[in-house]
Amino acid sequence: MTMRSEKYLKACIDEYVSLINTHHELMEILLFRAQGSSLEHFRENYTDRSTELVKAWFVSMQKKHPHINTSVSDFIIHLHTVWMFTMFEELLMHSVPRQEMEAILHDYILFEIQGWRAIIQI
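No experiment lies behind these values; they were computed from the predicted model shown.

### Section: the side chain of Glu112
Step number 1: If you trace the backbone, Glu112 turns up in helix 5 (residues 98-120).
Step number 2: Looking at Glu112, its side chain comes within polar contact range of the side chain of His80, at 3.2 Å.
Step number 3: Apart from residues no more than four positions distant in its own chain, Glu112 is found in contact with Tyr16 and His80.

### Points about helix 4 (residues 74-93)
Step number 1: In this model, helix 4 (20 residues) spans 29 Å end to end at C-alpha, consistent with the 28 Å of a helix rising 1.5 Å per residue.
Step number 2: Along helix 4, the residues classified as buried are Ile77, His80, Thr81, Met84, Phe85, Met87, Phe88, Glu89, Leu91 and Leu92.
Step number 3: Here the buried face of helix 4 lies against helix 1 (6-22), helix 2 (24-32), helix 3 (42-64) and helix 5.
Step number 4: Trailing helix 4 by a residue or two, Ser95 shows a phi angle of about 45 degrees, which is positive.

### Considering the packing of helix 3 against helix 4
Step number 1: Running from N to C, helix 3 and helix 4 cross one another at 135 degrees; their axes reach a closest spacing of 9 Å. The angle between the axes of helix 3 and helix 4 places the two elements in the oblique class. The hand of the helix 3/helix 4 crossing is right-handed. Contacts between helix 3 and helix 4 involve Phe42, Arg43, Tyr46, Thr47, Asp48, Ser50, Thr51, Val54, Lys55 and Phe58 from the former and Asp74, Ile77, His78, Thr81, Val82, Met84, Phe85, Thr86 and Glu89 from the latter.

### Structural notes on the pattern of salt bridges
It is possible for side chains of opposite charge to pair when their charged atoms get near one another.
Step number 1: A complete count under the given rule lists 5 salt bridges for this structure.
Step number 2: For Glu89, the salt bridge identified is with Arg43, shortest N-O distance 2.6 Å. Taken together, the residues span a long stretch of sequence, with Glu89 in helix 4 and Arg43 in helix 3 at a distance of 46 residues.
Step number 3: With a closest N to O distance of 3.1 Å, Glu102 and Arg98 form a salt bridge. Pair noted here: Glu102 and Arg98 are both in helix 5, with a separation of 4 residues, about one helical turn.
Step number 4: Glu102 sits in the partly exposed class, given a relative accessible area of 26%.
Step number 5: Here the salt bridges do not stand alone but share partners, grouping Glu52, Lys55 and Asp74 into one network.

Rules of the game
- All residue numbers refer to position in the chain's written sequence, counted from 1.
- Since the coordinates come from a predicted model, pLDDT governs what is reported: local features require at least 70, and pairs of side-chain atoms require 80 or more to be given and counted, while whole-chain, interface and lining totals use all residues.
- Neither water nor hydrogens contribute to the side-chain values; these are computed over all heavy atoms in the structure.
- Put simply, DSSP marks the helices as runs of H or I at least four residues long and the strands as runs of E at least two long, and each gets a number from the N terminus on.
- Within 3.5 Å is the distance limit for a polar contact, defined as a pair of N or O atoms, with the added protein rule that one can donate a hydrogen and the other accept it, and that residues adjacent in sequence qualify only through two side-chain atoms.
- By the convention used here, residues are in contact when the closest approach between their heavy atoms is within 4.5 Å.
- Here, expected helix span is obtained from the residue count minus one, scaled by 1.5 Å.
- Type-normalised accessible area, obtained with a 1.4 Å probe on protein chains alone, sets the label of each residue: buried when under 20%, exposed when over 50%, and partly exposed for intermediate values.
- Axis angles are defined between N-to-C directions and span 0 to 180 degrees, where every axis is a line fitted to C-alpha atoms and, for a helix, only to the segment in contact.
- Each angle gets one of four labels, with under 35 degrees taken as roughly parallel, over 145 as roughly antiparallel, 65 to 115 as roughly perpendicular, and the rest as oblique.
- Handedness of a helix crossing follows the sense of rotation of the near helix relative to the far helix, less than a right angle counterclockwise being left-handed and clockwise being right-handed.
- The term salt bridge refers to a pairing of a side-chain nitrogen on Lys or Arg with a carboxyl oxygen on Asp or Glu at a separation within 4 Å.

Any functional reading would require information that these geometric values do not contain.
So, in structure tokens, the structure goes:
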């Protein structure tokens, strides 16, 4: 139910904007110029770890709420994280101003929440 609140949506938007604004240069290095460094495979490694964390979350949610659908493919979970990185990359590449970024993130996060709600049937 928390995911349905405007407070949750605003907190997510604020977190993404803060992350991008605070670490803009480091994110550009990590996402666009890490080739040949120890962080060259950061995106892939993070995506794999995130996939495992979300799978574990689904297991715990199934125990707490047996009526929800938790038979979500590993690939869909993986793809969700890839989309998040793509969004970060696009925002960075296009130097999106803060106000526009907030509007974009609002729609992205709303789409994300509504999509997951439909998939897990809550």
